[in-house]
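For reference, the chains in residue letters:
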Amino acid sequence: MRNYFLCCIALLLTLNLKAQHTERCGTPPVKSEWLKNYQANPDAYAKGGDTTLYVPVTVHVVGTDVGTGYYPTEDIFRTFCQMNVDFEPVGIRFYIEGDLNYIDNSTWYSHTTFTDGTVMMETNRVPGTFNCYIVEQATGAGGYYNPVSDAVALTMGNLDLQTWHTWTHEAGHYFTLMHTFLGWEGIDYNLNEPTPESVSGWFSPIPVERMDGSNCVEASDGFCDTPPDYLSSTFNCDAAGFSLQLQKDPDSIFFYSDGGNYMSYSDGICNSYFSQEQQNAMRANLINNRQDLLTNQEVIDVPVTEVTMSLEPAQGEVVMEAPALRWSSVQNANRYYYEVNRVASFPSSLRIKEGIVSDTFVVVGGLGDDTNYHWRVRPFNTTYPCEGEFASSSFMTGELVSIDGITALNDLVLYPNIVSAGQTVRLETDLDSRVDMQIYLLDVNGRQVSTIFKGQANGSFLQEIQTQALNAGLYWIAINVDGVWTQRKMVVF
Ligand SMILES: [Zn+2]
């Protein structure tokens, strides 16, 4: 095992010299021992019938040292969901394990060597998951599978090229697939020269695949249902999905490359499938060689469909500083994406806060006084992160005034205001007109602990505050009357 790793490290260092020539994908063009053994006798390997296999993915979102430059969440989800669509016929479904893992490291964010990429992958590996790193630069390639660390790097630029199915392609490598043009990496095919019987390969010559299928097992990628393909640069397809570039095999039989295969270098508009043998190999690899990915098969495999959620604060409500945004839980959701924005159309340029939580509330601090904010939340689950509709609302942050600033409140009494836990506190006042009133219990940091009252009130007013569930400490009773806030201190010992 150790020798295998050392050999691979040497191999990857060599690849640094070749990286400039393989801009599309920097995966070493060397078959794994597992794939060689598998292709020698594929029938000997279990493939799990037509059972759907669920694979946990750790998404590492790499940014600069100062925490900038991350690939946007919605783009991560979009391309992740595309991978799931592409893998549907394979019967493999990916789900995001845990939270997105944000890493701040400029060297890794834009790494120029496999050595740096390997250090990144060794440092941040989450065992038992398919580790994927989204970076700005990856050795000059658009992405690669690193066999030393058994993880993939994906560049934002390539993920942006939606037709390229980059994540799907690198996941294919992860499950041991090679390019359909294996051996031609870094070589420019020339129709005007005789096609060789073999290309050099990294360690030993690789036979060039023939059109008659006579050498399909030992040639190129070793799959007989992926026809010859010698194109190692991005190519366009015709309407039928074949390359425009003509090629001829060693027997001088002419052909065009099939751009439909995800493991080819077509520009992707025609990318639409893994061949049956590729699918079988990936399932066999997962079941026989990657059992640690299959320990949890009890995942939510239904997208979120519910669209009605109740939100608090509701539309236009006045809140204290650091309000808790709350929403009703939604069936089949295990995560919620929330956003606070200055504008109701939620432009990203005016986004104030965003995040993903598994709770049904979040406390947002750092907001300005007397300001209108819009917020929205989208329920989803980590198997279908693109499904689930936003529900939105707005709130107004209040301005704190002294008790005398609220004319409707007369003789406000909070008694006792130093209590032992369990004691009941009485809040009494006399209102000289009908008002909209909200009363919240806040902790010492201004975060909402509970709602004491919410509604209309007039005349003499009494509210009892229960304290048995409170830890010892300083609390605030925040009172809002017709949009103006005041607060009173309360100590629990
Ligand atoms: Zn590749």
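Residues numbered from 1 in each chain as written. Predicted model: local features only at pLDDT ≥ 70, side-chain atom pairs only at ≥ 80, totals over all residues. Heavy atoms only, no water.

Colleague: Got a sec to walk through a negative patch on the surface? Specific residues and values, please.
Modeller: On the surface, Glu 321, Asp 369, Asp 370 and Glu 399 cluster together into a patch of negative charge. Mapped onto the secondary structure, Asp 369 falls in the loop between strand E18 (361-363) and strand E19 (372-380). Residue Asp 369 is classed as partly exposed on the basis of its relative accessible area of 46%. (Patch = residues over 30% accessible without salt bridge, like charges linked within 9 Å, V, L, I, M, F, W, Y side chains within 5 Å. Areas by Shrake-Rupley, 256 points an atom, 1.4 Å probe, with all protein chains shown as cover. Salt bridge = Lys/Arg side-chain N within 4 Å of Asp/Glu carboxyl O. Lys, Arg positive; Asp, Glu negative; His and termini not counted. Charge placed at Lys NZ, Arg CZ, Asp CG, Glu CD. Helix = DSSP H or I, 4+ residues; strand = E, 2+ residues; numbered from the N terminus. Buried < 20%, exposed > 50% of the residue type's maximum accessible area, 1.4 Å probe, protein only.)

Colleague: Break down the pattern of salt bridges for me, citing the residues and quoting the values.
Modeller: If you walk through the whole model with that rule in mind, you get 17 salt bridges. With a shortest N-O distance of 2.6 Å, Asp 251 and Arg 210 are connected by a salt bridge. Highlighted residues: Asp 251 in the loop between strand E11 (242-248) and strand E12 (254-258) and Arg 210 in the loop between strand E10 (206-207) and E11, separated in sequence by 41 residues. For Asp 251, a relative accessible area of 37% puts it in the partly exposed group. The class for Arg 210 is buried, based on a relative accessible area of 14%. As a salt-bridge pair, Lys 454 and Glu 312 come within 3.5 Å of each other at their nearest N and O atoms.

Colleague: Kindly report on the coordination of the zinc ion, identifying the contributing residues and their values.
Modeller: Around the zinc ion, the protein contributes the donor atoms Cys 25 (SG), His 169 (NE2), His 173 (NE2) and His 179 (NE2), at 2.0 to 2.2 Å from the metal centre. For the zinc ion, the 4 donor atoms in the first shell make angles of 100 to 120° at the metal, a pattern classed as tetrahedral. Each donor residue of the zinc ion belongs to the same chain, with the gaps between them written as C-x143-H-x3-H-x5-H. Of this pair, Cys 25 sits in the loop between helix H1 (2-18) and helix H2 (33-40) while His 179 sits in the loop between helix H7 (166-174) and strand E9 (198-199); the two residues are 154 residues apart in sequence, bridging distant segments of the chain. The class for Cys 25 is buried, based on a relative accessible area of 2%. (Donors = N, O, S within 2.8 Å, 3.2 Å for Na, K, Ca; no water. Tetrahedral: all angles 85-135°; square planar, octahedral: opposite > 155°, others 65-115°.)

Colleague: Outline the sheet that holds strand E14 (residues 317-319), supporting the account with residue identities and numerical values.
Modeller: Judged by pairing direction, the sheet is mixed, and its 5 strands sit side by side in the order E14-E20-E19-E16-E17 without closing on themselves. Strand pairing shows two members of the sheet lacking a second neighbour, E14 and strand E17 (351-357), which therefore form its edges. Here the strands of the sheet are splayed against their neighbours by 30° on average, with no regard to which way each runs. As defined by bridge partners, E14 adjoins strand E20 (residues 391-397) across 3 bridges and the pair is classed as parallel. Each bridged residue has a counterpart across the sheet, and for Glu 317 the counterpart in E20 is Phe 395. (Pairing = 2+ DSSP bridges. Axes fitted to C-alpha atoms, helices over the stretch in contact; angles between N-to-C directions.)

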